[in-house]
Amino acid sequence: MKRTVLSIAVTSLFFAYACKNSQSPKQEVVQTEAVKSDITDEQLMDRVQKDAVKYFWDYAEPKSMLGRERYHEDNIYPDNDKHVVTTGGSGFGLATLLVGVERGFIPRKEAVKRLTHMMDFLAKADRHKGAWSHWINGETGKTVPFGKKDNGGDLVETAFLTSGILMVREYFKNGNAEEKALASKCDELWKGIQWNWYTKGGEKVLYWHWSPEYQWEMNFPLEGYNECLITYILAASSPTHSIDAETYYKGWTRNGTYLTDKTKYGLPLYVKHNYAEEYGGPLFWSQYSYIGLDPTGLSDKLVKNYFELNKNQVLIDYKYCVENPKQWKGYGPNYWGLTAGYTRNEDGSAGYTAHMPTNDNGVITPTAALSSFPYTPKESMAFLRFLYTQKPEFIGSAGPYDATSVNYNNWFTPRYLAIDQGTIAPMIENYRTGFLWKLFMNAPEIQQGLKKLSFRSEKYGIQ
């Protein structure tokens, strides 16, 4: 699911089908009981992490075992696409499954078997100069077009997937024979991605798409600031098809012009959020690249502290929701968080949009606050506690539903999206233990790639 701000203007077109009628039989929607108010913070975090793991363990696409693009508890799939898997969301799913193993939610041996099957599927699936497409048919491995010309490699989705693949490799590389074999498969997939191909013949910028049929007609250069930073980190870190530092600084940072001195609520934004310079973009921008990339004390030639950059974006979103200029019922310190996801259309049906302060329609997306735990632990915990103790109708079989609204009589859609559910367990775990950050940041190629781009991190000895 493509979520750059460029897509905000056309996102309703991408997901208009969410409102169509469906021939699928409806099923009973799961009813969850509220947890007791005396539950501890640790127990609450355990609960929501365990729930989120279910999306990728219990409700994975059954043949590929990868993460479905969407899982609808009501069994209504307007495009009959329950077999379609998402590469980016599957990458978040890999990180989620590692949390499941580390926390003892799923058996290690069974996870290794499942993950090996997933890597074998990815090895046989369609690839475009090493990159995977945005959507893949989970039954056949064939590319499923995201749009007419978006029918080839998707470098950003591939980056999200690859981040997960590398963390799986790092987690199992010193294990038993089966685990080492899994790590080897991960390594081979990583080395097969031709990152430098996506510079369109050597331009000093990465491009999002390449199609064997339409070549570069999508023409979407990756320029900051949005969710795509991890793409440049991985491209620079590749041991086989890397880019140089000039491509990062000329392309991603727009020759350094993406810096800003603007503030909101007294908080510096530091960078110009694409098409969202006043408040910053949807909150997934502070999450997707940072499942593995640890922003704590992280800097490069232009940005002095990525953690502060992300923390301020989240706090601006939080303060906007508390201020609540549109006077939506329910908004406040325990009910906040705007990001892209399912939404409520004016007629009450489910649609899709990139929620943010400049696109606020009274719908709160639970992953926004829950995946912000590293930045706003107090505010995120208030949201988590409110959700599980007072709004059980917003909780389904795989954790919090994707879209909720107290304002519209506790409206919700009994549906999930992989890229929303897949950031919850990883980001909460990074807050709790730094588990995934340690795996990714200590990978040898990542260390070298970050040094190449003049990143610094005392925490990981990158100078």
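Calculation rules
Residues numbered from 1 in each chain as written. Predicted model: local features only at pLDDT ≥ 70, side-chain atom pairs only at ≥ 80, totals over all residues. Heavy atoms only, no water. Helix = DSSP H or I, 4+ residues; strand = E, 2+ residues; numbered from the N terminus. Rg over C-alpha atoms; globule rule 2.2 N^0.38 Å. Buried < 20%, exposed > 50% of the residue type's maximum accessible area, 1.4 Å probe, protein only. Contact = heavy atoms within 4.5 Å. Areas by Shrake-Rupley, 256 points an atom, 1.4 Å probe, with all protein chains shown as cover. Lys, Arg positive; Asp, Glu negative; His and termini not counted. Charge placed at Lys NZ, Arg CZ, Asp CG, Glu CD. Axes fitted to C-alpha atoms, helices over the stretch in contact; angles between N-to-C directions. Parallel < 35°, antiparallel > 145°, perpendicular 65-115°, else oblique. Left-handed = near helix turned anticlockwise from the far one by under 90°. Pairing = 2+ DSSP bridges. Salt bridge = Lys/Arg side-chain N within 4 Å of Asp/Glu carboxyl O. Nonpolar A, V, L, I, M, F, W, Y, C, P; charged D, E, K, R; others polar. Core = buried A, V, L, I, M, F, W, Y, C linked by side-chain atoms within 4.5 Å. Phe/Tyr/Trp six-rings, centres within 6.5 Å; stacked < 30°, edge-to-face > 60°. Lys NZ or Arg CZ within 6 Å of the ring centre and 35° of its normal. Polar contact = N/O pair within 3.5 Å; in protein donor to acceptor, adjacent residues only side chain to side chain.

- Identification of the chain as Beta-glucosidase from Chryseobacterium endalhagicum is taken from an unreviewed UniProt entry.

1. Overview of the overall build of the chain
Here is step 1: Each helix and strand in the chain was counted, giving 15 helices and 15 strands.
Here is step 2: Its C-alpha atoms give the chain a radius of gyration of 20 Å, near enough to 23 Å, the size a compact globule of 463 residues would have.
Here is step 3: Principal axes of the C-alpha set define a box for the chain whose edges measure 55 × 50 × 45 Å.
Here is step 4: Split into buried and exposed, the 463 residues of the chain put 64% on the buried side.
Here is step 5: Contacts in the chain between residues far apart in sequence, at least 24 positions, make up 69% of those at least 6 positions apart.
Here is step 6: With an accessible surface of roughly 16,700 Å², the chain has 48% of that area assigned to carbon and sulfur atoms.
Here is step 7: The chain carries 52 positive and 52 negative side-chain charges, and their two centres are separated by 2 Å.

2. Focus: the packing of helix H2 (residues 41-57) against helix H3 (residues 87-102)
Here is step 1: For the pair H2 and H3, the least separation of the axes is 9 Å and the interaxial angle reads 125°. Between H2 and H3, the angle is such that the two are oblique. Crossing handedness for the pair H2 and H3: left-handed. Across from Gln49, Ala52, Val53, Phe56 and Trp57 in H2, the residues of H3 making contact are Gly89, Gly93, Thr96, Leu97, Val99 and Gly100.

3. Some thoughts on the sheet that holds strand E4 (residues 143-144)
Here is step 1: Pairing within the open sheet is antiparallel, and its three strands lie in the order E2-E3-E4. Bordering the open sheet on either side are strand E2 (84-86) and E4, each of which pairs with just one other strand.
Here is step 2: Where strand E3 (residues 135-137) lies against E4, two bridges are found, and the strand directions are antiparallel. Looking at the pairing, Trp135 lines up with Val144 of E4.

4. Things to note about the side chain of Lys391
Here is step 1: Considering the arrangement of structural elements, one finds Lys391 in the loop between helix H11 (377-390) and strand E11 (395-396).
Here is step 2: Here Lys391 occupies a buried position and makes no salt bridge, while the nearest side chain of opposite charge, Glu393, is found at 4.2 Å.
Here is step 3: Among residues more than four places away in sequence, those in contact with Lys391 are Phe386, Val406 and Asn410.

5. Thoughts on the packing of helix H5 (residues 155-172) against helix H6 (residues 177-191)
Here is step 1: Between H5 and H6, the shortest axis-to-axis distance is 8 Å and the interhelical angle comes to 150°. Taken together, H5 and H6 sit at an angle that is classed as roughly antiparallel. Between H5 and H6 the crossing geometry is left-handed. Between H5 and H6, the residues in contact are Thr162, Ile165, Leu166, Val168, Arg169 and Phe172 and Glu179, Lys180, Leu182, Ala183, Cys186, Asp187, Leu189 and Trp190, respectively.
Here is step 2: Partitioned by chemical class, the residues of the contact of H5 with H6 number nine nonpolar, one polar and four charged.

6. Some details on the side chain of Glu61
Here is step 1: Here Glu61 is to be found in the loop between H2 and strand E1 (70-72).
Here is step 2: Among buried Asp, Glu, Lys and Arg side chains, Glu61 stands out as unpaired, with Arg68 the closest opposite charge at 6.3 Å.
Here is step 3: In this structure Glu61 touches Leu66, Arg68, Lys82, His83, Val85, Gly138 and Glu139, once residues within four positions along its chain are discounted.

7. Details of the nonpolar core
Here is step 1: In terms of nonpolar packing, the biggest core is built from 146 residues, with Leu293 and Tyr306 touching the most fellow members.
Here is step 2: Of all the elements, H5 adds the most residues to this core, at 11 residues.
Here is step 3: Every residue in contact with Tyr306, bar those within four places of it in the chain, is listed here: Leu229, Tyr248, Tyr258, Tyr290, Pro295, Leu298, Ser299, Asp300 and Phe455.

8. A look at unusual backbone geometry
Here is step 1: Residue Tyr225 is reached from Gly224 by a cis peptide bond, and omega for that bond is 10°.
Here is step 2: On the secondary structure map, Tyr225 appears in the loop between strand E6 (209-210) and helix H7 (229-237).
Here is step 3: The phi angle at Met65 is positive, at roughly 70°, despite the residue not being glycine.
Here is step 4: Tracing the sequence through the fold places Met65 in the loop between H2 and E1.
Here is step 5: Even without a glycine there, the phi angle at Asn410 is positive, about 60°.
Here is step 6: With respect to the secondary-structure elements, Asn410 resides in the loop between strand E13 (403-405) and strand E14 (411-413).

9. Thoughts on the pattern of salt bridges
Here is step 1: For the structure on display, the rule yields 26 salt bridges.
Here is step 2: With a shortest N-O distance of 2.8 Å, Arg169 and Glu170 are connected by a salt bridge. Residue Arg169 shares its accessibility class with Glu170, and that shared class is buried.
Here is step 3: One continuous salt-bridge network, built from bridges that share partners, spans Arg169, Glu170, Lys173, Asp187, Lys191 and Glu445.

10. Side note on the packing of aromatic side chains
Here is step 1: A full pass over the atoms with the stated rule returns 37 aromatic pairs.
Here is step 2: Seen in terms of ring centroids, Tyr198 and Trp216 are 6.0 Å apart; in terms of plane orientation they differ by 85°. Their pairing is edge-to-face. With a gap of 18 residues between them, Tyr198 in the loop between H6 and E6 and Trp216 in the loop between E6 and H7 connect regions that are remote in the sequence.
Here is step 3: Centre to centre, the rings of Trp328 and Tyr408 are 6.2 Å apart; their planes meet at 45°, and the pair counts as tilted. Linking Trp328 in the loop between helix H9 (306-323) and strand E9 (340-344) with Tyr408 in the loop between E13 and E14, this pair joins segments that are 80 residues apart in sequence.
Here is step 4: Judged by relative accessible area, Tyr408 falls into the partly exposed class, the value being 29%.
Here is step 5: In textbook terms, an aromatic cluster arises when at least three aromatic residues are bridged by ring pairs, as seen for Tyr55, Phe56, Tyr59, Tyr71, Phe394, Tyr401, Phe412 and Tyr416.
Here is step 6: Here the basic side chain of Lys264 rests over the ring of Tyr265, its NZ or CZ set 5.9 Å away from the ring centre.

11. Some remarks on the environment of Asn226
Here is step 1: By secondary structure assignment, the location of Asn226 is in the loop between E6 and H7.
Here is step 2: The sequence separation of Asn226 and Val101 amounts to 125 residues, and the corresponding C-alpha distance is 31 Å.
Here is step 3: Within the structure, Asn226 has its side chain in polar contact with the backbone nitrogen of Cys228 (distance 3.1 Å).

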